[in-house]
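Notes for the structure review
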Amino acid sequence: MGENGGVSEHPEVPAAPANATEPTDTPDPADAPAQPGATGQAADPHLEHEPEVTPILTPAQAKRANQTLKGMIISVLLTVAVAIPIILINPPNKAETYRDQIDVAAVAAQAAPDADFTPWAPKLPEGDYVNFARWIAKNVDGIKYWEFGVVTKDDTFVWVRQTDTPNPSWLAAVTENATPAGSHTVDGTEWELRTKEQNQILIGARGKSTLVLSSDSGMDTLDGLARLAQSEIPAK
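Notes on the structure in this doc start here. (Residues numbered from 1 in each chain as written. Predicted model: local features only at pLDDT ≥ 70, side-chain atom pairs only at ≥ 80, totals over all residues. Heavy atoms only, no water.)

Tallied over the entire structure, the rule returns 5 aromatic pairs. Centre to centre, the rings of phenylalanine 117 and tryptophan 135 are 6.0 Å apart; their planes meet at 50 degrees, and the pair counts as tilted. In this pair, phenylalanine 117 sits in the loop between helix 2 (104-111) and strand 1 (129-136) while tryptophan 135 sits in strand 1, placing the two residues 18 residues apart along the sequence. Residue classification places tryptophan 135 among the buried positions, given a relative accessible area of 19%. Geometrically, the ring pair formed by phenylalanine 132 and tryptophan 159 is edge-to-face, given 6.0 Å between the ring centres and 90 degrees between the ring planes. (Phe/Tyr/Trp six-rings, centres within 6.5 Å; stacked < 30°, edge-to-face > 60°. Helix = DSSP H or I, 4+ residues; strand = E, 2+ residues; numbered from the N terminus. Buried < 20%, exposed > 50% of the residue type's maximum accessible area, 1.4 Å probe, protein only.)

See below:
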């Protein structure tokens with residue numbers, strides 16, 4: 001109301017409370033415009049991607065890169081040049097490489113003067129051969145013995161030991177502590193049989209000596225060599 005009871009043209013505005021907070025101009029984060037690339041905001045598809053920049057080597061850098069590449073090529077060529085003569089001098093091992101046939105009779109003749117028995121030099125069937133033979137004079141037990149290896153035409157192998165002074169510790173050593181497994185008869189002649197895993201061992205007295213035949217190729221292989229020993233070495 002005006003002073004004269006009329007209506008005021010400017011109505012009074014209620015006064016703000018004393019503890020009211022004055023409004024600020026800070027916008028609500030929810031109302032803020034989305035920034036391109038911001039977390040959780042999709043990029044504006046209308047924005048163009050900046051082209052990738054391809055690095056350009058300076059002449060000095062390019063020269064150093066070429067020198068490094070040339071050095072690597074030279075190193076590889078030098079390595080190949082060194083390796084080729086070595087390969088030619090030492091060809092790859094083939095099956096024939098291990099087929100070193102030994103003249104077992106000649107080696108047995110050399111061992112005979114130091115032995116109190118005749119070292120056995122078997123006359124093997126065609127296709128079989130001896131790939132090593134030696135006289136052992138300095139054994140831990142003091143027992144001297146003759147040994148050789150027989151390779152058959154079927155690529156089986158028998159290790160032969162022969163001595164005239166066997167004892168339990170020597171037999172245990174050459175058979176690798178194989179377990180006694182009874183006896184085995186070859187053409188009427190009895191041999192002691194021992195086994196260890198795949199190995200089978202025949203032990204028998206022939207003349208003045210004792211033979212130990214060891215193989216992991218089966219009893220047929222052992223029987224063949226035992227039969228040959230029985231025919232070539234006198235029983236007494």
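Here helix 2 has its buried residues at Val104, Ala108 and Ala111. Down the axis of helix 2, the sector holding all buried residues measures 60 degrees, keeping them to one side. Across from the buried face of helix 2, at angles greater than 90 degrees, the exposed residues are Ala109 and Gln110. Residues of helix 2 that are buried sit in contact with strand 1 and strand 2 (145-151). (Arc of directions from axis to C-beta. Contact = heavy atoms within 4.5 Å.)

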